[in-house]
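Topology and contacts: notes
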Amino acid sequence: MGNSYAGQLKTTRFEEVLHNSIEASLRSNNLVPRPVFSQLYLEAEQQLSSLEAGSRVDNEEEEEEEEEEEEGSESSSPPIAYQMKTPPEGCCTTDGFCQAGKDLRLVSISNEQIEVPPGFLLVGAKSPNLPDHLLVCAVDKRFLPDDQGRNALLGFSGNCVGCSKKGFCYFTEFSNHINLKLTTQPKKQKHLKYYLVRNAQGTLTKGSSICWKGAEFRSRQSSSSARSNALFQPPENTSSSVAVVNEPVLAPHSVVQAGTHQTVSDHLPSTVCYPVYNGKESPQQHSVKSNLSSLTRPSVLGTLTNSGPPKKRHKGWSPESPSSNEAWHLQPNPQITNRNKNEGGGGLSSLPHAAMVGPVSSPLVASGEPVSIPDNLLKIYKAKPVIFKGHGNFPYLCGNLNDVIVSPLLYTCYKNSQSLSRAYEQYGASTIQPISDEMQLLLTVYYLVQLAPDQVPLIEDLEQIFMRSWRELHLSEIRQYQQAIPQAFPQVPGPIAPVTSTQLPWLAGLAASSCNDSVHIIECSYSLAEGLSEMFKMLMEGKLVKTNYVVIICACRNRTIDSCIAVTGKHQARILSESMLTPTEYQKEVSYELVTGKVDALGTFFSTLCPDGDVDVLLDKFYQENQSHTSPSLPASVNKAVTLDIAGTAMCTSYNLERHQIRPFQLAVAQKLLSHVCSIADSSTQNLDLGSFEKVDFLICVPPSEVTYQQTLFHLWHSGVLLELGLEKEHLTKQRMEQYVVKLDTDAQTKFKTFLHNSMQNPHTLFVLIHDHAHWDLVSAVHSLYPQSDPAVGLVDRLLNCREMKEAPNIVTLHVTSFPYALQTQYTRISPYNEIHWPSLYNNGVDLYHESKKYYGLSEFIESTLSEHSLPLLRYDSSFETMVMAYGKRFPRLHSAVIRTFVLVQHYSAAMMAVCGLSQMKNYTTVETLEITQNLINSSRQCPSGHGLMVVLRIPCIPLAVVAYERLNHVRERLALEDHFEIILGNPNSGITVGKHFVEQLKIWQKIEDAEWSPQTYLDLEGLPCILIFSGMDPQGESLPRSLRYCDLRLINSSCLVRTTLEQELGLAAYFVSSETSTEKVVSNDVLESDPEKLSSTDNEDEETVTEGSASEKRSPVKRERSGSHDSAASSLSSKASSTTAFCSETSPPSVTASDTGKSAHQTLSSSTEESVNNPEKQRPKVDKDSKSSAKTAQASITSSSASPFSSSSASSIPTHSSFILQTPHCSMTKVSQQPPIVYLPKLVYDIVTSADSTGLPKSSSLLPYHSVMWASSFRPLMSKMMTCTEQSLYYRQWTVPKPVHMDYNNRNEGRMDTFHPRRLLLSGPPQIGKTGAYLQFLSILSRMLIRLTEVDVYDEEEINTDLKEESVQYYHQPGDAWPDLETMKKIPFDYTIHDPKYEDASLICSRILVKNEDRSANKKQEDLYMRRQTTRMRLSKYAAYNTYHHCEQCHQYMGFNPRYQLYESTLHAFAFSYSMLGEEIQLHFIIPKSKEHHFVFSHPGRQLESMRLPLVTDKSQDYIKSPTFTPTTGRHEHGLFNLYHAMDGASHLHVLVVKEYEMAIYKKYWPNHIMLVLPSIFNSAGVGAAHFLIKELSYHNLELERNRQEELGIKPQDIWPFIIISDDSCVMWNAVEIDCSGERKSEYTWAERNISLKQILQHIESTPNVTHYALIGMRKWSSKTKSGEIKEPFSCCHIHDFVMLNVDLTQNVQYNQNRFMCDDVDFNLRAYSAGLLICQFNRFSVMKKQIAVGGQRSFHIKSKVSDNPVSITPAQYICAPDSKHTFLAAPAQLLLEKYLQYHSHRFFPLSLKNYNHPVLSVDCYLNLGPQIAVCYVSSRPHSLNVSCSDMIFSGLLLYLCDSFVVASFLKKFHFLKGATLCVICQDRNSLRQTVVRLELEDEWQFRLRDEFQTANAKEDKPLFFLTGRHI
């Protein structure tokens, strides 16, 4: 391909066509190619037949197909081989680089500045070796085709952009230089594929395709058959056949206005997309083209007619496929599609900000003349058509571009719906085809056909239809893939019968034929330009008056379709066009229309409607007439009521303001919040250390609404939180309170900085930032589309997401909102685990919180529309909608919000005039507006105090709200109604202004004496009759009072259909309704709710609104006196048609004469109350349950109920003023508080809210959740009504992504989990349900919990049995003695009596005959001991022991959080020793952390554990504690107090946790840096006795080992420290008594107790003189009731409990009983003392024990061994007769024995019951026989110390597991009562008999067979056996 013919266009063209024709004829098998001359000369004609077009394209496409596949050919006849020129030596041959070694790949040099000579363009070349890359080349544009694919000079001229080499004149030469390495003849048409353009960021990206060879037809998308049969695409074609759009560019709008085609740009290449102006095109055009252009446009098209087998080189053809080319359809690029899908917006009518934030591609434009838009289109047609681009090419529009709107939303929807869900990618997504273009268009037509005339299409609806259709089509494949993934997918699936492009127009026309021309189909034969021209022509000729949608289809023979849909319905077009405005543009548009006076025409038109002339003239006339008369326009009763009220002579009892009170569900939510905060603290992430905080501080952020700000201050004031948190003192001022609430406006930064500063200054204060109404402003501070000069934009993002907030460890952020959806995206900062959803108040109709009020929210409002037995609370005004539609057609250039506002204000004005007597104005309003107005004006006259109703008139646009306010004020003033009701303009940026007269009324009602007071919030307007004009684009959290009766939302922006927007508008009406039955029915003359015209136009005359949700419930307090259908259609007709006479006949009293009926309406209105009529049910006494009001009703009812509707209706009207006074007045407040408000909606919104899907989910819930988020995919599952709030959150988190303007958009850089902020929570709940009260309550209980965390419940019990203490005559030590004297201690007698309160239920130990013999157990109950023990709350000192929840910086290393040692880095060591009593070797295991190995000795070669290091007695160091501490524990891995770091004051100490084997792992997890001693598995079910036994024996064995080891070092054995500490796991703090003996006499002293460290106590005790002579040393149990007498003697010899310092050397021969579960310490103390060992208690020291509700001895549950049923087993069942069929229990025998004896020992020792002078003799052991039986302990050991028993007579004898020391002679020393009982307990029946014989028991005791028992254990569990007998 040389350059010799350059410039000779005609010759070149001829040769090209000839060549193409010959080649096509050779290849084609069934199509006759067109003659050469026909191609040359007939092509100029614009209209080609579809056959001609098809054949031409077929040939060209076939040729292109051949060329594309030459490289990969496997044909039997290979093409002529191309010999590539050998590259010069030494040059670079790497793919993607030129021979000079410079990188040419687009991805590498896209950001580099490339020099492009004039006349050259940058293009992308494809290399067969780099299918995924484009190589950048500079080519002379003369050698490239124009927009028609023609006029390219033959030859080539290009430069290399890598090495800058210029002047390549042959493409062959150039392809060699850039290393294309071709195997076929190089052709520029084949390898130069795309124009390259720079995007808005200046990055070079791939643009549109270079259209070689007239590609205007080939630019279209592939056919439906190609779509539906496509499987795998050949990878080598992927890049070349899809035009990939560049990365998204931020564009302010999604809507591409046709008018943007007029500007031009100099640097972009012309393409076929748009006509070219001198080779240039508009930048907007290019952005549209690159954004909206063919996302998935294949370059290869299928043919209709070629169904035979393929020619050579066609791979992948299957006989099943209609055409060989169909297998080459390419899937959309997922990245692009996903991106576009996100930008495309939520609905045709849904996204005002549909405005694309990224690219939306525009298909290429077909060739042909541009479509001219008629000049007078808007003027003639009265509407701007909205044209939605569909499939294929869209023609260029020119002419009157302002009268047409072009949108890409539908195109984007189509594209998104063709991208398969990721859910199916794992199955091989390409095997399941997306829905075809033809089917998409056909489904769209079906959808449009079924729309009602006033409905507007929704993108969400269309997406769901596509999704459903696709699912149904591929259900079998989906199921197949879900069940099993096939091993190999077929290349082409089986044939599906798709809709073909030839069938499409016919099927679409068939579908549209049934809709009365609402949808009109235009079929084009050549391009869409024809159809659009025809449509414009029909619009101008008025032929599309009834048509709402025009579907234009161009289905050529090449089986690709072009389509677009024009919305021509005036209503739909207006709504859709307005929906494309952003809120800012909407406000600007409205303001512009107001400022420029465009609305004046509307006012002029209104004036012409009134028959009596201008409305203002009528008003002035009325005003002047009223000025001349003394009587006002309304009856005197109204004024009289007000006067009475102001005078204070008559007061209403219905008015009571609800002050701050916490409802049960608010408390439940506060507790849930607290629970979540605790779970953050409890997690192992260390994100919140609650233990380090001492108090709570907070800041509440609210939107910049003055009313919301004041409202929050009001709630804060009445909650008392500031005082409770200790942040403020009693005399709290408003200025001080304002520091804790901040409006998020420009002044917010100061308060916020103070908050941050305080948080940094006070690390021990927990700061809570509450972001209320959190969905309000989510604009990103970085990616804002608004000017950065506005400081308010992105303020929330700047403040709440700043680095200081993120990193502050003591700030918790709580987002509070009713609409959390925008905070629940894929990039959210809030963990799903940190979401708190408002609980359901009802479950299956049951009130979960016993609430006296029923909440009415959106779902309840919707339910009211479905109930057949109640009037709906949601309504729309069809008359108003009809009127607005009519005005909209008359004034097409005005925004509908302006028209709606002016019409509604006109209606309110007319209604006010009608109520005041100008009855002719009744025809110029609607029934709904009339009802609202009359009830507003007349509500105050029913109450002696003048209380009335509130009507909220919602006008979002502030300029329109001001206009409405001024107009209504003017009308009110002209009608002299200023004192009857107030009109208030609610502007979010300012406070409330109320007239002085009404302020005085409010002050009287609310008993306010402050002269300066004025209402600050809408809640302050309780009972005030008023119209509140509520303005502002969004409500900002303002609450409305209970007197709200009507919520008029007819003016909300119904085109902006976003879930949050809709729900927050409806949330204004959310309401708590009193659920108690009304004690007094509303009387028949109640004028509230009157509605004369509706009564005459409906049959439902006795309906009621039911508040309880049950239509059949007769007790409902809510009675409605009005009725009518919700659409008000019938009533509106009667409203317009009714005449003055009819009006009078309806309202005149029945008692008047015929002549009275002729009175004017004005007179009738003035003399009676109004035109109101009550529900006829009030005339039927049997309906009313209240007999009194029934009597009144009957009296008032003169005509019978069977009369005509008119007379029946009029029976309840009020004939005269005097009759009104005679009635008991009923305040409207009574009724209003018992029923929710009535809400009026625009029809469009009403339809969306009340329509539901198959699951019952309202359609509004399926809308896009928020305007700054977008759907992640069209292929998302549908939401369901059954979804919980949590499931909805997870749904949005999966299927929505934020747009770049959203503040969470950038929250995705780090790892997925890291994007969650650990201290951020989200509270969501319905509007007006009480979230503010809940979070204030949360602050309160959080503060209490923090205080509670610094406090513990410690046992505070008085010592027991103090009356049994012997009064000591002498004191052995002086009160101030620091240490005991050894010799003196030996003289102190042992106190056998137990004084520890925990043994209150234990048997008394007698050491002498008791003088008293009262019943000591009279007040004892058999309850859980822990439940009734006295505790007191104590603040933790700095020397406390802590559980696992404590994390402070000081003890991180102690707990194992040390960088030197990895967490859990510890080793397991076995330690074995033999013990003769057990008869076997004991093997224990130590788990020793690396950081604690220095406490142990290991053997050198094998690192075997040898011993635990022990210090010397002579050591005097103050740096460590000498005694190792052992803490046995079970079930308390979280709550045990094992952190002794602070208790030991940081001193070095050895602490060992003694745990059971099965609990080893859990304890190791919670306490990784603690030494564990793991008991053998045989002790898994043992009690505390086993742990004590093993601790002591191990310690003695270790003492021996240490003595041997250190003896080798020259140290004497007696110098090794012999003490260990055995401590309970609940010892929390230690105290010392300081005694002052400075008094004059020695006996006088003062004392005080203070908390000290355990280190001080232990070091003091360890330094006791002769300390090794003591066997046990302990301390007192702390009690606040300690008396000075108890500490006068500083040392005692008595029982030691809980914290024992044990000398293992001296106690070598005294063991703990390893079988014991209870009282093992008492048993050990008794045996130690009887062995002659010294026991000393330091009375100066005391230990506090914390109440821990879990673990310990509670962990032993006694249950049946047979079944797992939790059947209660009583202690009486713990024993049974041997060999009986008793149920065996799964519990240790010893535990059953001890429990049985504790509760039922009186069965064995009946004489001992309450017989304290004759105790039971217990030999060698102490067992608890219960508090009603006393025991006397004696030891059988020789030389043991025992009590003197010579004068004691015993009532029983207990022999427990007697050893050989117990002999018959020993027992014969003791005396027993006659009939005394004996109990012998042994391990088995054999030893039981042997014991009886050995001890000669039968000599003195009588035994019977039936007196033998055993514990209720199976044989394998080794039961204990006992034998009882009686003393002879």
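Residues numbered from 1 in each chain as written. Predicted model: local features only at pLDDT ≥ 70, side-chain atom pairs only at ≥ 80, totals over all residues. Heavy atoms only, no water.

Points about the overall build of the protein
Basically, it comes down to this: Note on conventions: DSSP H or I runs of at least 4 residues are helices, E runs of at least 2 residues are strands, and numbering of each starts at the N terminus. Note on exposure labels: buried denotes an accessible area under 20% of the residue type's maximum, exposed denotes more than 50%, and partly exposed covers the range between, all computed with a 1.4 Å probe on protein chains only. Residues count as neighbours in contact if any of their non-hydrogen atoms are within 4.5 Å of one another. Where accessible areas are quoted, they stem from the Shrake-Rupley method and a 1.4 Å probe; at the residue level, only the protein chains shown are allowed to cover.
Of the regular secondary structure elements, the protein holds 59 helices and 55 strands. In the protein, which comprises 1928 residues, the proportion classed as buried is 60%. Within the protein, contacts between residues at least 6 apart in sequence are counted, and of these 76% link residues at least 24 apart. Surface exposure of the protein reaches about 76,400 Å², of which carbon and sulfur atoms provide 52%.

Examining the sheet that holds strand 3 (residues 158–160)
Note the threshold: One requirement defines pairing of two strands: DSSP has to find at least two bridges between them. Axis definition: a line fit to C-alpha positions, over the contact stretch in the case of helices; interaxial angles, taken between N-to-C directions, run 0 to 180 degrees.
Reading across from one edge, 3-2-1-4-5 is the order of the 5 strands in this open sheet, with antiparallel pairing throughout. One side of each edge strand has no neighbouring strand; the edge strands of this open sheet are strand 3 and strand 5 (204–209). Looking at each pair of strands side by side, their axes are set apart by 45 degrees on average, direction ignored. Pairing geometry for strand 4 (residues 192–198) and strand 5, over 4 bridges, is antiparallel.

Notes on the pattern of salt bridges
Test applied: Take a side-chain nitrogen of Lys or Arg and a carboxyl oxygen of Asp or Glu: if they are within 4 Å of each other, that pair is a salt bridge.
This structure, assessed with the given rule, holds 58 salt bridges. Between Asp1820 and Arg1837 there is a salt bridge; the shortest N-O distance is 3.3 Å. One end of the pair, Asp1820, is in the loop between strand 50 (1816–1819) and strand 51 (1830–1834); the other, Arg1837, is in the loop between strand 51 and strand 52 (1849–1856), with 17 residues separating them in the sequence. By relative accessible area, which is 15% here, Asp1820 ends up buried.

Examining the side chain of Ser127
Among the secondary structure elements, Ser127 is positioned in strand 1 (residues 120–127). Ser127 sits in the buried class, given a relative accessible area of 3%. Non-local contacts of Ser127, meaning those with residues more than four positions away in its chain, are made with Leu135, Asn179 and Leu180.

Points about the pairing of strand 53 (residues 1871–1882)
Among the 12 residues that make up strand 53, 9 are buried, leaving the element largely enclosed by the rest of the structure. Strand direction decides the pairing type here: strand 52 and strand 53, joined by 7 bridges, are parallel. Paired with Gly1852 across the two strands is Thr1877, which belongs to strand 53. Direction of pairing for strand 53 relative to strand 55 (residues 1921–1927): antiparallel, over a ladder of 6 bridges. Paired with Ile1881 across the two strands is Phe1922, which belongs to strand 55.

Quick notes on the nonpolar core
For clarity, the threshold we go by: In this description, a nonpolar core means a group of buried Ala, Val, Leu, Ile, Met, Phe, Trp, Tyr and Cys residues linked to one another through side-chain atoms lying within 4.5 Å.
Ranked by internal contacts, the top residues of the largest apolar core, which has 173 residues, are Phe1486 and Trp1630. Counting residues per element, this core draws most heavily on helix 53 (residues 1584–1607), which supplies 8 residues. If sequence neighbours within four positions are ignored, Phe1486 has contacts with Thr1467, Leu1468, His1469, Phe1471, Phe1496, Leu1505, Val1552, Ile1571, Met1572, Leu1573 and Leu1594. In this structure, Leu410, Tyr1018, Leu1028 and Cys1227 belong to the second largest nonpolar core, which totals 91 residues.

Some thoughts on the packing of aromatic side chains
Rules: Note on ring pairs: Phe, Tyr and Trp rings are taken, using the six-membered ring of Trp, and paired if centres are within 6.5 Å. Classes follow the plane angle, with under 30 degrees stacked, over 60 edge-to-face and the rest tilted. Throughout this description, the term charge over a ring refers to an Arg CZ or Lys NZ atom that lies within 6 Å of the ring centre and within 35 degrees of the ring normal.
Scanning the model with the defined rule gives 41 aromatic pairs in all. With 6.1 Å between their ring centres and 70 degrees between their planes, Phe1850 and Phe1870 make a pair best called edge-to-face. Of this pair, Phe1850 sits in strand 52 while Phe1870 sits in the loop between helix 58 (1864–1867) and strand 53; the two residues are 20 residues apart in sequence, bridging distant segments of the chain. In this pair, the class of Phe1850 matches that of Phe1870, namely buried. Cluster of aromatic residues (ring-pair linked, three or more members): Phe1850, Phe1866, Phe1870, Phe1872 and Trp1901. The ring of Tyr381 has Lys570 lying over it, and the distance from NZ or CZ to the ring centre is 4.1 Å. Against the face of Phe1498 rests Arg1503, its NZ or CZ located 4.4 Å from the ring centre.

Some details on the sheet that holds strand 49 (residues 1775–1776)
Taking strand neighbours across the sheet as the criterion, the 8 strands line up as 33-51-50-52-53-55-54-49 in an open arrangement whose pairing is mixed. Here the strands that pair on one side only, and so sit at the sheet edges, are strand 33 (1404–1405) and strand 49. In the sheet, strand 49 pairs with strand 54 (residues 1901–1911) via 2 bridges, with the strands oriented antiparallel. If you follow Ile1775 over to strand 54, its bridge partner there is Thr1911.

What about the pairing of strand 24 (residues 982–986)?
Here is the rule: Handedness of a crossover is defined as follows: orient the strands so they point away from the viewer, and if the path from the first strand over the helix to the second runs clockwise, the crossover is right-handed.
Of all 5 residues that make up strand 24, 4 are buried, and the element is covered over most of its length. Relative to strand 25 (residues 1026–1030), strand 24 runs parallel, the two sharing 5 bridges. Following the sheet pairing, Leu985 is matched in strand 25 by Ile1029. Each parallel crossover has a hand, and for strand 24 linked through helix 35 (residues 996–1005) to strand 25 it is right-handed.

Focus on helix 21 (residues 615–628)
Quick note on the threshold: Expected helix span is given by 1.5 Å per residue-to-residue step, counting one fewer step than there are residues. To be clear, the arc concerns the directions from the helix axis to the C-beta atoms.
Its 14 residues place the ends of helix 21 20 Å apart at the C-alpha level, agreeing with the 20 Å of an ideal helix rising 1.5 Å per residue. The set of residues buried in helix 21 consists of Val615, Leu618, Leu619, Phe622 and Asn626. The arc that holds every buried residue of helix 21, seen down its axis, measures 100 degrees, which confines them to one face. The outward face of helix 21, more than 90 degrees from its buried face, is lined by the exposed residues Gln624, Gln627 and Ser628.

Remarks on the side chain of Glu982
Tracing the chain through its elements places Glu982 in strand 24. Those residues in contact with Glu982 that lie beyond four places of it in its chain are Arg972, Val994, Gly995, Phe998, Leu1024, Pro1025, Cys1026 and Ile1027.

Some remarks on the packing of helix 19 (residues 583–595) against helix 34 (residues 958–974)
Threshold: Oblique is the label for any angle not covered by the other classes, which are roughly parallel (under 35 degrees), roughly antiparallel (over 145) and roughly perpendicular (65 to 115). Under the convention adopted here, Pro, Cys and the residues Ala, Val, Leu, Ile, Met, Phe, Trp and Tyr are nonpolar, Asp, Glu, Lys and Arg are charged, and Gly plus all remaining residues are polar.
Contact geometry for helix 19 and helix 34: axes closest at 8 Å, N-to-C directions at 40 degrees. In terms of axis orientation, helix 19 runs oblique to helix 34. Of the residues in helix 34, those in contact with Gln587, Val590, Ser591 and Leu594 of helix 19 are Ile958, Pro959, Leu960 and Val963. Per-class residue counts for the contact of helix 19 with helix 34 are 6 nonpolar, 2 polar and no charged.

A look at the state of the cysteines
For the record, the criterion: We call a pair of cysteine sulfur atoms a disulfide whenever their separation is within 2.5 Å.
Scanning the entire structure with this criterion turns up 0 disulfides. A disulfide-free cysteine, Cys1406 has its sulfur positioned 6.8 Å from the sulfur of Cys1832, the nearest such atom. Residue class for Cys1406 comes out buried when judged on its relative accessible area of 3%.

Describing the environment of Gly167
Locating Gly167 in the fold gives a position in the loop between strand 3 and helix 5 (171–177). On the basis of relative accessibility, which here comes to 47%, the residue Gly167 falls in the partly exposed class. Among residues more than four places away in sequence, those in contact with Gly167 are Gly158 and Asn159.

What to know about the confidence of the model for the protein
Quick note on the threshold: Each residue carries a pLDDT score, the predictor's own confidence in it, on a scale running from 0 to 100.
Per-residue pLDDT for the protein has a mean of 77; in total, 72% of the residues score no lower than 70. Confidence drops under pLDDT 50 across residues 785–789; counting only partners more than four residues distant or on other chains, this segment forms 5 contacts.

Considering a positive patch on the surface
Put simply, the test is: Patch members must show over 30% relative accessible area and no salt bridge, and they are joined within 9 Å when carrying like charges or within 5 Å when they are nonpolar side chains of Val, Leu, Ile, Met, Phe, Trp or Tyr. Under this rule, positive means Lys or Arg and negative means Asp or Glu; His and the chain ends count for nothing. Every charge is mapped to an atom, namely NZ of Lys, CZ of Arg, CG of Asp or CD of Glu.
Together, Lys379, Lys382, Lys384, Lys598, Arg890 and Arg893 line one region of the surface with positive charge. Secondary-structure assignment places Lys379 in helix 11 (residues 377–381). Classification of Lys379 by relative accessible area gives exposed; the value is 61%.

Describing helix 53
An α-helical turn contains 3.6 residues, so a residue and the one three or four places further along point in the same direction. In this model, helix 53 (24 residues) spans 34 Å end to end at C-alpha, consistent with the 34 Å of a helix rising 1.5 Å per residue. Extensive coverage of helix 53 is indicated by the burial of 17 of its 24 residues.

Comments concerning the environment of Pro872
The topology assignment puts Pro872 in the loop between helix 30 (858–866) and strand 22 (874–876). Residue Pro872 is classed as buried on the basis of its relative accessible area of 3%.

With respect to the environment of Ile1829
Within the secondary structure, Ile1829 is located in the loop between strand 50 and strand 51. The sequence separation of Ile1829 and Pro1815 amounts to 14 residues, and the corresponding C-alpha distance is 6.9 Å. In this structure Ile1829 touches Ser1403, Leu1404, Ser1801, His1802, Phe1805, Ser1808, Leu1809, Tyr1812 and Val1816, once residues within four positions along its chain are discounted.

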